[in-house]
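Structural overview
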Amino acid sequence: LKLQFLYFIGNQAVAVPRPAIRQKCLSGPNEHASKKRRIDAPLPLVAPTPRLAEAPKAASLPPFPESSVWSQITPSSLVLFIGEGNFSFAYAVAKRLGSGKSLIATDIEMHHELLDMVTRAPGAIPDSGGSFGRLIELGATVSCAVDVTTLSTTVPTCLYVGSLDFMSWAFPHTRTPNRDENCVSEHRTLLRAFIDEAAKMLKLGGTALITVKEGYPYNSWDVAGLRTDYVDYSACEPFFPKDFPEYAHVTTIGAPITVITPATTHIFKKIKEP
């Protein structure tokens, strides 16, 4: 059985066949507005997908403390992940939950496995040896070329405006070197855009999470100071990588990093509609 799936490359819908047992995989709006193509009529994102023969089991890890914000995420929570890179953090959360069906994982870059499927080998199955393919197998929506500053106005993330329970951005960073004179202002501007978009994307009472390392220059970003009239700063808690064993941290240029602690997850709550 073959089904037609719709991928999005810059806002242009491309239908390609895929094995019916595989889950949906999308690529989202291109960051370069000049390359976008307008979709004149609403289009379904994916064709209906049969359920997997056997539901995946949740990872056997100790539960989060009840006081931890991560303990509030359940298999029914609608969660948007930003800046996933290799998609291992979203996969680690999905593995803990035993399902990714309510997770939307995104990155600004176009993932090579998605490019292989759409441009070189339409219908091919992602390499299940990596987090990207495994996340799809757990039922998650995977979307590439997604710009955090336009989440509420571009396909496919605009479909979730006002409905998200959680938004998470783990270790945000641009390609600007840490010692560049513009590093602090650039990252504060980007994170402010994330909070502004969270005000539109989250449901009332929803939670936005920003996880950053401690030390220079991250403390200078003053993440707690990003609160607005609509999204208030709630609390913070230490981030422990051991709680997410599948997570493999990499830099924005693809270099692996084994030490990312101490780190802190900053917690924001949507308190009012914009």
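Residues numbered from 1 in each chain as written. Predicted model: local features only at pLDDT ≥ 70, side-chain atom pairs only at ≥ 80, totals over all residues. Heavy atoms only, no water.

1. Observations concerning the overall build of the chain
Scanning the chain for helices and strands turns up four helices and nine strands. From first element to last, N terminus to C terminus, the chain shows the α and β order β-β-β-α-β-α-α-β-β-α-β-β-β. Surface summary for the chain: the accessible area is close to 13000 Å², and the carbon and sulfur share equals 55%. (Helix = DSSP H or I, 4+ residues; strand = E, 2+ residues; numbered from the N terminus. Areas by Shrake-Rupley, 256 points an atom, 1.4 Å probe, with all protein chains shown as cover.)

2. Some points on the side chain of Glu237
Positionally, Glu237 belongs in strand S8 (residues 231-238). Although Glu237 is buried, it forms no salt bridge, and the closest oppositely charged side chain is Lys269 at an N-O distance of 10 Å. Looking at Glu237, its side chain comes within polar contact range of the side chain of Ser68, at 2.8 Å. In contact with Glu237, other than residues within four places in its own chain, are Ser67, Ser68, Val69, Trp70, Ala263, Thr264, Thr265 and Ile267. (Buried < 20%, exposed > 50% of the residue type's maximum accessible area, 1.4 Å probe, protein only. Lys, Arg positive; Asp, Glu negative; His and termini not counted. Salt bridge = Lys/Arg side-chain N within 4 Å of Asp/Glu carboxyl O. Polar contact = N/O pair within 3.5 Å; in protein donor to acceptor, adjacent residues only side chain to side chain. Contact = heavy atoms within 4.5 Å.)

3. Structural notes on helix H4 (residues 183-201)
Between its first and last C-alpha atoms H4 spans 27 Å; for 19 residues at 1.5 Å apiece the expected length is 27 Å, and the two agree. Taken residue by residue, H4 has Cys183, His187, Leu191, Ala193, Phe194, Ile195, Glu197, Ala198, Ala199 and Met201 as its buried positions. As for H4, its buried residues are in contact with strand S3 (79-82), strand S6 (164-170), strand S7 (202-213), S8 and strand S9 (263-270). (Expected span 1.5 Å × (residues − 1).)

4. A look at the nonpolar core
In terms of nonpolar packing, the biggest core is built from 33 residues, with Trp70, Phe81, Phe89, Leu135, Phe239 and Phe244 touching the most fellow members. Looking at this core, the elements that each hand over two or more residues are S3, helix H1 (88-97), strand S4 (103-107), helix H3 (131-137), strand S5 (141-144), S6 and S9. Among all residues touching Trp70, those that are not within four sequence positions of it are Phe64, Phe89, Ser168, Leu209, Thr211, Glu237, Phe239, Phe244 and Thr265. Residues Leu80, Ala198, Leu202 and Val212 belong to the second largest nonpolar core, which totals 28 residues. (Core = buried A, V, L, I, M, F, W, Y, C linked by side-chain atoms within 4.5 Å.)

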